[in-house]
Amino acid sequence: LKPVDLRHASRLVNHGPTVLVTSRHGDRRNVMAAAWSMPVEFLPPRIAVVIDKHTATAELVAASGVLGLCVPGRGIADFSYTVGSTSMRDVPDKFGRFGIGFDDSPTLGVPLVHGCAGWMECRVIPEAHTQSAYDTWFVEVIAAWADERVFSAGHWSFRDDNTALHTLHHIGAGLFGTPGVQVQGRRLG
Ligand SMILES: Cc1cc2nc3c(=O)[nH]c(=O)nc-3n(C[C@H](O)[C@H](O)[C@H](O)COP(=O)(O)O)c2cc1C
């Protein structure tokens with residue numbers, strides 16, 4: 001787990017991976033999957049993430065004003081799908097029940113899930129109208145880390161020797177693609 005310069009934090013989600021949204025309010029901790037997130041500002045890095053109002057996650061995030069965004073690897077695809085298919089309302093401790101460890105992030109105390117390729121701790125940017133009208137949350141990344149086996153010096157490196165950390169891109173119904181064939185674009189002319 002290596003710190004990522006905030007200038008490069010958006011690159012952790014720039015290519016559209018499914019993320020795990022983690023939350024904590026008091027002693028209650030939770031994790032859900034989100035396929036819908038994207039960078040929206042350069043520096044400080046800001047990210048938009050869609051969190052359905054009906055989720056337990058939305059309730060914890062609204063109460064605490066903080067969340068974690070973790071970028072799961074292929075090695076925890078089953079966990080990622082499962083926490084996106086169950087609610088904390090039915091399974092109060094998804095980490096314990098589905099057997100994945102985490103550490104609380106140093107500043108905001110949101111769970112950083114083991115087995116991920118990247119992690120961010122984020123503060124919610126209060127937007128009363130947006131939060132009541134839509135399911136989109138804007139957050140500011142205050143710190144980021146990555147597993148340097150797959151992301152270092154601000155760049156992803158998806159190779160045959162780090163497949164467990166390849167990011168998950170949701171196709172539908174629990175089917176994910178991972179970054180496979182890569183094509184280097186070259187400037188014409
Ligand atoms: C791969 C995947 C992607 C998902 N993407 C989103 C998303 O972008 N936004 C969202 O609100 N829910 C998304 N979901 C559904 C939530 O993860 C799901 O409602 C979850 O059970 C909420 O858990 P909670 O009630 O414990 O917070 C996704 C589910 C899966 C499996």
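This text gives an overview of the structure that appears in the document. Here the structure is a predicted model, which is why all the values come from computation and not from measurement. (Residues numbered from 1 in each chain as written. Predicted model: local features only at pLDDT ≥ 70, side-chain atom pairs only at ≥ 80, totals over all residues. Heavy atoms only, no water.)

## Overview of the site of the ligand
Part 1: The ligand sits among 21 residues. The nearest are Asp52, Thr57, Thr86, Ser87 and Met88.
Part 2: Alanine 33 has a polar backbone atom sitting 2.8 Å from an oxygen atom of the ligand.
Part 3: Here an oxygen atom of the ligand sits 2.7 Å away from a polar atom, N or O, in the side chain of serine 87.
Part 4: In isolation the ligand exposes 650 Å². Once the protein is present, 84% of that is buried.
Part 5: One can see that the ligand is located within the largest pocket. (Near = heavy atom within 4 Å. Polar contact = N/O pair within 3.5 Å; in protein donor to acceptor, adjacent residues only side chain to side chain. Areas by Shrake-Rupley, 256 points an atom, 1.4 Å probe, with all protein chains shown as cover. 1 Å grid on protein atoms, 1.4 Å probe; cavity = no way out; pocket = protein on both sides within 12 Å on 5 of 7 lines; lining within 4 Å. Sits in = over half its atoms within 2 Å of the grid points.)

## Quick notes on the nonpolar core
Part 1: If you look at the biggest cluster of nonpolar residues, it comprises 30 residues, and the most contacted ones within it are Val21, Leu67, Leu69 and Met120.
Part 2: Counting only elements with at least two residues in this core, the list comes to β2 (19–25), β3 (28–34), β5 (46–50), α1 (56–64), β6 (66–72), β9 (116–124) and β10 (136–146).
Part 3: For leucine 67, the contacting residues outside a window of four places in its chain are Val21, Thr22, Val49, Ile51, Val61, Val110, Met120, Glu121, Cys122 and Val139.
Part 4: Core analysis: the next-biggest nonpolar cluster, separate from the first, contains 14 residues, Cys70, Phe79, Val83 and Phe95 among them. (Core = buried A, V, L, I, M, F, W, Y, C linked by side-chain atoms within 4.5 Å. Buried < 20%, exposed > 50% of the residue type's maximum accessible area, 1.4 Å probe, protein only. Helix = DSSP H or I, 4+ residues; strand = E, 2+ residues; numbered from the N terminus. Contact = heavy atoms within 4.5 Å.)

## Quick look at the environment of phenylalanine 98
Part 1: Looking at the secondary structure, you find phenylalanine 98 in the loop between α3 (94–97) and β7 (102–104).
Part 2: Measuring from C-alpha to C-alpha, the distance between phenylalanine 98 and phenylalanine 79 comes to 6.7 Å, with 19 residues separating the pair along the chain.
Part 3: Not counting residues up to four positions away in its chain, the partners in contact with phenylalanine 98 are Phe79, Thr82, Val83, Thr86 and Val91.

## Points about the layout of surface pockets
Part 1: Of the voids in this model, the largest pocket is the one considered here, and its volume is about 360 Å³.
Part 2: Forming the walls of the largest pocket are 23 residues, and the residues nearest its centre are Met32, Ala33, Ala34, Gly84 and Ser85.
Part 3: Put simply, the parts of the chain that give the lining of the largest pocket at least two residues each are β3, α1 and α2 (77–83).
Part 4: The biggest single contributor to the lining of the largest pocket is β3, with four residues.
Part 5: Along the lines of polarity and charge, the residues of the lining of the largest pocket split into eleven nonpolar, ten polar and two charged. (Points joined across faces, edges and corners; volume = space filled by probe spheres on them. Nonpolar A, V, L, I, M, F, W, Y, C, P; charged D, E, K, R; others polar.)

## Points about the pattern of salt bridges
Part 1: Applying the stated criterion to the full structure yields eight salt bridges.
Part 2: Among the ionic pairs, aspartate 5 bridges to arginine 7, the shortest N-O distance being 3.3 Å.
Part 3: Between arginine 149 and aspartate 147 there is a salt bridge whose closest N-O contact spans 2.6 Å.
Part 4: Overall, the relative accessible area of 54% leaves arginine 149 in the exposed class.
Part 5: With a relative accessible area of 10%, aspartate 147 lands in the buried category.
Part 6: Through salt bridges with shared partners, a single ionic network connects Arg28, Glu59 and Arg89. (Salt bridge = Lys/Arg side-chain N within 4 Å of Asp/Glu carboxyl O.)

That is the geometry; function is a separate question.
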